[in-house]
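The primary structure of each chain is shown beneath.
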Amino acid sequence: EARLVRAALAVLRAFAFCEDVRDELSLSCETKGYVQAVRDHLGTPVVCEQGYGLLANLTLRNPAMASFLNDADHQVISLGQLVLDKHPE
């Protein structure tokens, strides 16, 4: 259910402000799940908002994470383009 996914992503997004927690949340198996949640709920703006907010927090003070999130397993930039096409307003 989209409401539960949004709530879970919102909590993780808030926790990702803490550097120690951010490192734990940045594990490959975890980041794939965040990206998949956005992909699965592409039509739900609040899920996309919280998902991308979480991904943005994961890249704080860690530029290498941005490259990692755009690798073949994640493809965050192409997913972001899909989100923008789906929600142009």
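In short, a report on the structure. Counting restarts for each chain, with residues numbered from 1 along the sequence as it is written. Only residues with pLDDT of 70 or above have their local features reported here, since the model is predicted, and side-chain atom pairs are shown and tallied only from 80 upward, although totals for entire chains, interfaces and linings are computed over all residues. Side-chain figures throughout are based on the complete set of non-hydrogen atoms in the structure, without hydrogens or water.

1. So, the overall build of the protein
To qualify as a helix, a DSSP run of H or I must reach at least 4 residues; to qualify as a strand, a run of E must reach at least 2; elements of each kind are numbered from the N terminus. Counting secondary structure elements, the protein contains six helices and zero strands. Moving toward the C terminus, one meets the helices and strands of the protein in the order α-α-α-α-α-α. Its C-alpha atoms put the protein at 35 × 25 × 20 Å along the principal axes. Counting all 89 residues of the protein, 31% fall into the buried class. The contact definition used throughout considers only heavy atoms, calling two residues in contact when any of these lie within 4.5 Å. Look at the contacts in the protein between residues 6 or more apart in sequence, and 68% of them connect residues 24 or more apart. Reported accessibility uses the Shrake-Rupley method at a 1.4 Å probe radius. Residues are deemed covered only where the shown protein chains occlude them. Roughly 5,300 Å² of accessible area belongs to the protein as shown, and the carbon and sulfur atoms make up 58% of that amount. Buried, partly exposed and exposed residues are distinguished by accessible area as a fraction of the type maximum, computed with a 1.4 Å probe on protein chains only: under 20%, between the cut-offs, and over 50%, respectively.

2. Digging into the side chain of glutamine 50
Checked against the element boundaries, glutamine 50 lands in helix 4 (residues 45-58). By relative accessible area, glutamine 50 is classed as buried at 13%. The term polar contact refers here to a pair of N or O atoms within 3.5 Å; inside protein, the definition further demands a hydrogen-donor-capable atom paired with an acceptor-capable atom, and it admits residues adjacent in sequence only when both atoms are side-chain atoms. In terms of polar contacts, glutamine 50 uses its side chain to reach the side chain of arginine 13, at 3.4 Å.

3. Overview of the nonpolar core
A general feature of soluble globular proteins is that nonpolar side chains tend to end up buried together. Residues Tyr34, Leu54, Leu55 and Leu58 are the most contacted members of the largest nonpolar core, which totals 17 residues. Secondary-structure elements contributing two or more residues to this core are helix 3 (28-40), helix 4, helix 5 (63-69) and helix 6 (76-86). Ranked by residue count, the leading element in this core is helix 4, at five residues. Excluding residues within four positions of it along the chain, tyrosine 34 makes contact with Leu12, Leu25, Leu54, Leu55 and Leu58. Throughout this description, the term nonpolar core refers to a set of buried Ala, Val, Leu, Ile, Met, Phe, Trp, Tyr and Cys residues connected via side-chain atoms within 4.5 Å.

4. Some words on unusual backbone geometry
We note that arginine 61 has phi near 55 degrees; this positive angle belongs to a residue other than glycine. Within the fold, arginine 61 resides in the loop between helix 4 and helix 5. Positioned with a positive phi, glutamine 75 is a non-glycine residue whose angle comes to about 50 degrees. By the secondary structure assignment, glutamine 75 is in the loop between helix 5 and helix 6. Exposure remark for glutamine 75: the relative accessible area of 37% places this residue in the partly exposed category.

These figures capture arrangement, not role.
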